[in-house]
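Each chain is listed here by its residues.
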Amino acid sequence: MKNILALICIAGFAVLPLAVLGLRAARPKRMPWWAVFSITFGLGWALALVGAMLREGPETGAGHVTALFFGWAYALIWFIPWILIYGVVQFARRRHAGRNA
């Protein structure tokens, strides 16, 4: 059961930037940038911490400490490529909309 919950946390961590940026693309006024970053880093940190605790178990604490102090960095590193892709897609959408107007 712990392995399944750990996989759910890892999958949630992997999908989190896509979901948040998808909500930002669909409703930019309801999802401001401060909320995008807060949700991504806060929830990403929590998912990294819980996933590390479930995956390694209580007998090994090195992963817990790393996830506790640097879980936000994992979320940041995972978020950077997705925000770059988001920027390119938004740039292409605006450029295409400008040509059709």
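Small disclaimer: the values here were computed from a predicted structure and weren't measured. (Residues numbered from 1 in each chain as written. Predicted model: local features only at pLDDT ≥ 70, side-chain atom pairs only at ≥ 80, totals over all residues. Heavy atoms only, no water.)

(A) Region of the structure containing the overall build of the chain. In terms of helices and strands, the chain carries 3 helices and 0 strands. Listing the helices and strands of the chain from first to last along the sequence gives α-α-α. On C-alpha atoms alone, the chain measures out to a radius of gyration of 17 Å, which is more than a quarter above the 13 Å that the 2.2 N^0.38 rule sets for 101 residues. The buried share among the 101 residues of the chain stands at 29%. Restricting to contacts in the chain with at least 6 residues of sequence separation, those with at least 24 account for 62%. Total accessible area computed for the chain in this model is approximately 7000 Å², and 74% of it derives from carbon and sulfur atoms. (Helix = DSSP H or I, 4+ residues; strand = E, 2+ residues; numbered from the N terminus. Rg over C-alpha atoms; globule rule 2.2 N^0.38 Å. Buried < 20%, exposed > 50% of the residue type's maximum accessible area, 1.4 Å probe, protein only. Contact = heavy atoms within 4.5 Å. Areas by Shrake-Rupley, 256 points an atom, 1.4 Å probe, with all protein chains shown as cover.)

(B) Up close: a nonpolar patch on the surface. Taken together, the side chains of Val65, Leu68, Phe69, Phe70, Trp72, Tyr74, Leu76, Ile80 and Leu84 define a hydrophobic patch exposed on the protein surface, amounting to about 870 Å² of accessible area. As for its placement among the helices and strands, Val65 is situated in helix 3 (residues 62-100). (Patch = residues over 30% accessible without salt bridge, like charges linked within 9 Å, V, L, I, M, F, W, Y side chains within 5 Å. Salt bridge = Lys/Arg side-chain N within 4 Å of Asp/Glu carboxyl O.)

(C) Molecular detail of the environment of Gly44. With respect to the element layout, Gly44 can be found in helix 2 (residues 33-56). C-alpha separation for the pair Gly44 and Leu76, spaced 32 residues apart in sequence, amounts to 8.6 Å. Apart from residues lying up to four places away in sequence, Gly44 is in contact with Phe13, Leu16, Ile39 and Ala75.

(D) Inspection of the nonpolar core at higher detail. Counting residues in each nonpolar core, the largest one holds 8 residues, listed as Leu16, Val20, Leu21, Met31, Ala35, Val36, Phe79 and Tyr86. Secondary structure elements with two or more residues in this core: helix 1 (2-26), helix 2 and helix 3. Take this core: its biggest share by element is 3 residues, from helix 1. Residues within four places of Phe79 in sequence aside, it is in contact with Pro17, Leu21, Val36, Phe37, Thr40 and Phe41. (Core = buried A, V, L, I, M, F, W, Y, C linked by side-chain atoms within 4.5 Å.)

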